[in-house]
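Architecture and fold: a report
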Amino acid sequence: MARGRKPDTAEQQAAKGAPGKRMTAQEVQKVREPKALMPVNVGKVRPPKWLKRSRKATEIWNDLAPKLERLNLLHDLDASPLARYCRYTVEWIAADLAVQKEGTWFEAIDTNGNATKKRHPAFQAVQDLEKMLRDIESTFGMRPDARYKIMRDQAAARGMGNMPLFGDEKPT
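Residues numbered from 1 in each chain as written. Predicted model: local features only at pLDDT ≥ 70, side-chain atom pairs only at ≥ 80, totals over all residues. Heavy atoms only, no water.

**Let's talk about the side chain of His120**
Assignment of secondary structure puts His120 in the loop between β2 (115-119) and α5 (121-140). Within the structure, the side chain of His120 is placed 2.5 Å from the side chain of Glu102, a separation counted as a polar contact. When near neighbours in sequence (up to four residues on either side) are disregarded, His120 contacts Glu102, Gly103, Thr104, Trp105 and Phe106. (Helix = DSSP H or I, 4+ residues; strand = E, 2+ residues; numbered from the N terminus. Polar contact = N/O pair within 3.5 Å; in protein donor to acceptor, adjacent residues only side chain to side chain. Contact = heavy atoms within 4.5 Å.)

Encoded structure:
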C-alpha cells in the first residue's frame, strides 16, 4: 500500500500561502519573519536595549564586544559609546554605498537656471561619520597607535615605565 507524499514543512506551507488553511495568518507571518538577533552580554557589560532595533548594529556589537573584553578595554560604562559606534558604522556603510552607487558629484540647477555640479550629501555624511568613528576607535584602542598608547599608559600605571615592552631589551 502506498504511503502518500511527505507533508510540507512550515516554511513550504508559508511560501504557498497556506492553501487549505493549514496554517493561520499569524503562523505564516511568524515563519516568514527573520529571527531577531540579540546582542550578547560580555562579562558584566550589557548592551543598551535600543541596540536591538538595528540588526546590523547588533551584528557589529556581537563581533566587537568579545574582542574588546579579551583586551580588557570594555567595561560596563562603555556599553553606550560602543553601541553608538556600532550604529554609526551601519550609517557609514549605508552612506558609503550611496556614494559608490550615485557618485560623489551630481548635476543640479542653480537659482539662475544654470546646470552645475554639487557634492552628494551622502559624501559629507561619510566624512562626518568617519571622523566620529575615528574618535571612538581611538578611545577603544581599535587602531594600532591608540592601542600602543593604551599599553604604554597601563605599563606606566603599574610602575613599569622603564621596562621594555617586548622583553628583548635590557631595562634602563
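**So, the pattern of salt bridges**
Using the criterion set out here, one finds six salt bridges in the structure. Across the pair Arg87 and Glu91 runs a salt bridge whose closest N-O atoms are separated by 3.4 Å. You can see Arg87 and its partner Glu91 sitting in helix α4 (residues 79-102), four residues apart, about one turn around the helix. (Salt bridge = Lys/Arg side-chain N within 4 Å of Asp/Glu carboxyl O.)

**Looking at the nonpolar core**
Formed by 21 residues in total, the largest nonpolar core has its most connected members in Trp61, Leu74, Leu82 and Cys86. Residue assignment for this core shows that the elements contributing at least two residues are α3 (55-70), α4 and α5. If we ignore the near neighbours within four places in the chain, the residues touching Trp61 are Pro39, Val40, Val45, Arg46, Pro47, Leu51, Pro66, Ala79, Leu82, Ala83 and Cys86. Within the second largest apolar cluster, five residues are counted, among which are Ala95, Ala122, Phe123 and Val126. (Core = buried A, V, L, I, M, F, W, Y, C linked by side-chain atoms within 4.5 Å. Buried < 20%, exposed > 50% of the residue type's maximum accessible area, 1.4 Å probe, protein only.)

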